Amino acid sequence: MLLSVLIIGVVATVAGAGTWAAFSDSETSDGNTFTAGTLDLKLNGLDGITGFSIGDVAPNAQGNAGTITVKNAGTISGNLVVSSANIVEDENGMNDAEQAVDSTAADGELGSAITISIYDGATLLYQGSVAGLINANLGTLDGAEEKTLTIDYEVSDAGNEIQSDILEFDLAFTLNQ
């Protein structure tokens, strides 16, 4: 009897092993790659440009300093920011009228009298001093997208202290992912 139970157990094990047999098929996905996208900022179609030059500004003067077309010539979206850099203020020799109110031959005062505004169409993106222009967010540029930015200026109701002063600065545009 014990031998019969043992034989039935062996037969059941062999039969059970056969029920787990199945068909199978394998395929391969070849040539999988990842390619990094690019950011490539262009200003007026170039890698860098010469800025604007506005002369003979006076108290209460306002106008358009120029436009800059910014383009992401890359393939992925990036956030565009702008900062002022290399700010130099110069008294430029101080004439008689300026010397009457400004006895220092130090830095000029024109920078504190000028407000710049940066627009994307009718949308104001930045308004403030040149020195305060630090990583101002100009929005997102998708791959191959471009925007034309307008830069306006306004001189405050300054007095003789700004006569002959010169304000020079760079605008540093950066596109960040």
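To keep things clear, this report deals only with the structure shown in the data block. Treat the numbers as computed from the prediction; the structure is a model and nothing was measured.

### A short note on the side chain of K42
And step 1. Assignment of secondary structure puts K42 in strand 1 (residues 41-43).
And step 2. Within polar-contact distance, the side chain of K42 engages the side chain of D47 at 2.6 Å.
And step 3. Beyond its immediate chain neighbours, meaning those up to four positions away, K42 contacts D47, T69, V70, K71 and A73.

### Structural notes on the packing of aromatic side chains
And step 1. Scanning the model with the defined rule gives 1 aromatic pair in all.
And step 2. Ring geometry for F52 against F169: centres 6.1 Å apart, planes inclined by 70°, an arrangement best described as edge-to-face. Of the two residues, F52 sits in the loop between strand 1 and strand 2 (62-72) while F169 sits in strand 8 (residues 166-176), which places them 117 residues apart along the sequence.
And step 3. Classification of F52 as partly exposed rests on a relative accessible area of 33%.

### Regarding the sheet that holds strand 6 (residues 136-141)
And step 1. Spatially, the 3 strands line up as an open sheet ordered 6-3-8, and their pairing is antiparallel. The sheet is open, and its two borders are formed by strand 6 and strand 8, each paired with just one other strand. When the angles between neighbouring strand axes are averaged without regard to direction, this sheet yields 25°.
And step 2. Note that strand 3 (residues 78-90) and strand 8 share 10 bridges and pair antiparallel. Bridged to V81 within strand 8 is T174.

### Some points on the pairing of strand 5 (residues 123-128)
And step 1. Relative to strand 5, strand 4 (residues 114-120) runs antiparallel, the two sharing 5 bridges. Its bridge partner being in strand 5, S117 is matched across the sheet by Q127.
And step 2. The hairpin formed by strand 4 and strand 5 contains 2 residues between the paired strands, and G121 there has a positive phi angle of roughly 65°.

### Observations regarding the sheet that holds strand 1
And step 1. The sheet built from 5 strands is open, its strands ordered 1-2-7-4-5 with antiparallel pairing. The open sheet has two edge strands, strand 1 and strand 5, and neither has a second partner. Strand after strand, the sheet turns through a mean of 25° between neighbouring axes, direction not considered.

### Re the nonpolar core
And step 1. Grouped together as the largest cluster of nonpolar side chains are 27 residues, with contacts concentrated most on V70, L80, I118 and F173.
And step 2. Counting residues per element, the ones that place at least two in this core are strand 1, strand 2, strand 3, helix 3 (110-113), strand 4, strand 6, strand 7 (146-155) and strand 8.
And step 3. The leading source of residues in this core is strand 7, at 4 residues.
And step 4. With sequence-adjacent residues up to four places away left out, V70 is seen in contact with L41, K42, L43, L80, L141, E145, E146, K147, L149 and F173.

Calculation rules
- Residues numbered from 1 in each chain as written.
- Predicted model: local features only at pLDDT ≥ 70, side-chain atom pairs only at ≥ 80, totals over all residues.
- Heavy atoms only, no water.
- Helix = DSSP H or I, 4+ residues; strand = E, 2+ residues; numbered from the N terminus.
- Polar contact = N/O pair within 3.5 Å; in protein donor to acceptor, adjacent residues only side chain to side chain.
- Contact = heavy atoms within 4.5 Å.
- Phe/Tyr/Trp six-rings, centres within 6.5 Å; stacked < 30°, edge-to-face > 60°.
- Buried < 20%, exposed > 50% of the residue type's maximum accessible area, 1.4 Å probe, protein only.
- Pairing = 2+ DSSP bridges.
- Axes fitted to C-alpha atoms, helices over the stretch in contact; angles between N-to-C directions.
- Core = buried A, V, L, I, M, F, W, Y, C linked by side-chain atoms within 4.5 Å.

Function cannot be inferred from these measures alone, as they are strictly geometric.
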